[in-house]
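# Close look at the chain arrangement
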Amino acid sequence: MKMKRFLAGLLLLAMAVTSLGFRPVAAHEDAVVARWTTKADLAPADYEVQMKLATGSVAEQEVPIQGEQSFYQDSDVVTVVVELEEAPLLAQAGDEEIQSFVASAQGQTLSRTLLDSHEAVKAQLRQLSGNVATQSVNGAADLSYDYTTVLNGFSTKLYYGDLDAARALPGVKRVWIAEQYALPIEQENTISMTTSTGMVGSTEANTLGYDGTGTIVAIGDTGIDQDHEAFSVMPTDPKYSREDVAKLLGKSLASGITDVSQVYINEKIPYAYDYAGKDTDAEAVGQSHGVHVAGTVAGNNGSNFHGVAPNAQLMIMKLFSDGSGSTSDDIILAGMDDAVKLGADAINMSLGSPAGFAAYDDEEEGQGLTYASVYSRIADAGVCLLYTSDAADEAR
């Protein structure tokens, strides 16, 4: 626990640095580059990273008018998150470690019970809206996820006009429209990656043995470049082996993955999944932010570059879609749900800023209450949760 708290403090400071944004500038003899644009642009560790203050924005036509009840018509299809009344696994595990609880007979029975209750409510929702095949209008992905660990619920598509009826169904606690998020817009400010770890004191901490050994950090961002030199040095005494991950995959993950060969890359990155595309390709495409963050957290090229916790493992939760750089609540919750169930010691998320249609009234209240409960459960379980939204919001 001491190691995890110390690591969390360093990660918090590192996130304050990474939230400033970045871009490559002229070559420098003692600096390093993470992957900036596309795989074709990769370069050796000989560049300085130019950090920029992060801000978010939405298109003018998407900015909500204060006081307006809703932008939606009853016939609009929206992606929603449905939270059910029964407590999730994390709340029912008590003092038992969540991985042990989920693997126990009690945990497996409870997990099946929760999933069965999801199907029962989904059947009632289909009676309201039918099998909705139309693209949702609130910018969220046309995906569906089940959550059992940090939240008991699921995501689905409904007609906006059916929201009140859905909220009135037995066993339903909240229903709210999934909000969309965009990556921060980059602005000017310069910080070198080779000196940023010294700025937050991690170099001294590493020499004292606080280097991430035996821990794994989940990165909820734009994905990874598994071939980048920043992830070329394998950790010593890692928390998870390939066999360990294989055992964890039998726990009804939101991703649905059961075959370790689909998500295991190496000892440095023993789990990687694309929650934005619901597939196993977690490579960063067109957005390098996640590569940069992963390198800042646990990068190590064995010579002139190391992150805050160079000996930690990385769990890659790709939350942002290829190219567009957007994500939504339903995807974020799936990544967090699996990160906790898989035993992440810390979760680092960069959510950018709200974009697209904004939530109002019941949607906004439901979203806030749900996230507050989720964050509290994660913290109570001893998992260090760190996230940034935009420049107007501090790292938390």
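The model shown is predicted, which means the values in this text are computed figures rather than measured ones.

Along the backbone of the chain there are 11 helices and 14 strands. Looking at the chain as a whole, 56% of its 396 residues qualify as buried. Partitioning the intrachain contacts of the chain with sequence separation of at least 6 by distance along the chain shows that 81% fall at a separation of at least 24.

Overall, the coordinates contain six salt bridges when judged by the stated rule. With a shortest N-O distance of 2.3 Å, Lys318 and Asp322 are connected by a salt bridge. What you see here is one network of salt bridges that share partners, running through Glu119, Lys122 and Asp146.

A few words on the sheet that holds strand β5 (residues 153–159). Reading across from one edge, β4-β5-β3-β6 is the order of the four strands in this open sheet, with antiparallel pairing throughout. Here the strands that pair on one side only, and so sit at the sheet edges, are β4 (146–147) and β6 (172–177). Relative to β5, strand β3 (residues 77–84) runs antiparallel, the two being bridged by seven bridges. For Val78, the partnering residue across the bridge sits in β5 and is Leu158. Packed on one face of the sheet, helix α4 (residues 105–129) meets β3, β4, β5 and β6 and runs near 5 degrees to β5.

Here we come to the packing of aromatic side chains. To describe a pair of aromatic rings, one takes the distance between the centres and the angle between the planes. Tallying each qualifying case throughout the model produces five aromatic pairs. Measuring from ring centre to ring centre gives 5.6 Å for Tyr371 and Tyr375, while their planes differ by 40 degrees; the resulting arrangement is tilted. Within this pair, Tyr371 and its partner Tyr375 are both found in helix α11 (residues 361–380), separated by four residues, close to a single helical turn. Taking relative accessible area as the criterion, Tyr371 reaches 7% and is therefore assigned buried. An aromatic cluster is defined as three or more aromatic residues linked by ring pairs; in this entry it consists of Tyr145, Tyr273 and Tyr275. Sitting above the plane of the Phe154 ring, Lys122 keeps its charged end 5.2 Å from the centroid. Positioned above the aromatic ring of Tyr145, the side-chain terminus of Lys278 is 4.5 Å from the ring centre.

Before going further, it helps to spend a moment on helix α9 (residues 289–298). Across the 10 residues that make up α9, a large majority, 10, are buried. Along α9, the residues classified as buried are His289, Gly290, Val291, His292, Val293, Ala294, Gly295, Thr296, Val297 and Ala298.

The subject of this paragraph is the sheet that holds strand β12 (residues 346–350). Picture the strands of a sheet paired through backbone hydrogen bonds; they go either parallel or antiparallel. The five strands are arranged β9-β10-β8-β12-β14 in an open sheet whose pairing can be described as parallel. If you trace the sheet from one side to the other, it starts and ends with β9 (271–274) and β14 (384–388), each paired once. Pairs of neighbouring strands in the sheet enclose a mean axial angle of 15 degrees, with direction left out of account. Inspection of the sheet shows strand β8 (residues 216–221) paired to strand β10 (residues 313–318) by six bridges, in the parallel sense. Bridge pairing links Val217 to Leu314 in β10. Strands β8, β10 and β12 of the sheet are contacted by α9, whose axis makes an angle of about 160 degrees with β8. Contacts from helix α10 (residues 329–341) reach β8, β9, β10, β12 and β14, with the element oriented near 165 degrees to β12.

Let us look at the confidence of the model for the chain. Here the chain averages 79 in pLDDT, while 71% of its residues score no lower than 70. Segment residues 19–69: pLDDT under 50, and 143 contacts once partners within four positions in sequence are set aside and those in other chains are kept.

This part covers the side chain of Ser155. Looking at the secondary structure, you find Ser155 in strand β5. Owing to a relative accessible area of 1%, Ser155 belongs among the buried residues under this scheme. Only 2.8 Å separates the side chain of Ser155 from the backbone nitrogen of Tyr145, close enough to count as a polar contact. With residues up to four places along the chain from it excluded, the contact list for Ser155 reads Val80, Val81, Leu143, Ser144, Tyr145, Tyr147 and Asp330.

This brings us to the environment of Val308. Relative to the elements of secondary structure, Val308 occurs in the loop between α9 and β10. When the C-alpha positions of Val308 and Ala294 are compared, they lie 9.9 Å apart, and in sequence the two are 14 residues distant.

What counts and how
- Residues numbered from 1 in each chain as written.
- Predicted model: local features only at pLDDT ≥ 70, side-chain atom pairs only at ≥ 80, totals over all residues.
- Heavy atoms only, no water.
- Helix = DSSP H or I, 4+ residues; strand = E, 2+ residues; numbered from the N terminus.
- Buried < 20%, exposed > 50% of the residue type's maximum accessible area, 1.4 Å probe, protein only.
- Contact = heavy atoms within 4.5 Å.
- Salt bridge = Lys/Arg side-chain N within 4 Å of Asp/Glu carboxyl O.
- Pairing = 2+ DSSP bridges.
- Axes fitted to C-alpha atoms, helices over the stretch in contact; angles between N-to-C directions.
- Phe/Tyr/Trp six-rings, centres within 6.5 Å; stacked < 30°, edge-to-face > 60°.
- Lys NZ or Arg CZ within 6 Å of the ring centre and 35° of its normal.
- pLDDT = per-residue confidence, 0-100.
- Polar contact = N/O pair within 3.5 Å; in protein donor to acceptor, adjacent residues only side chain to side chain.

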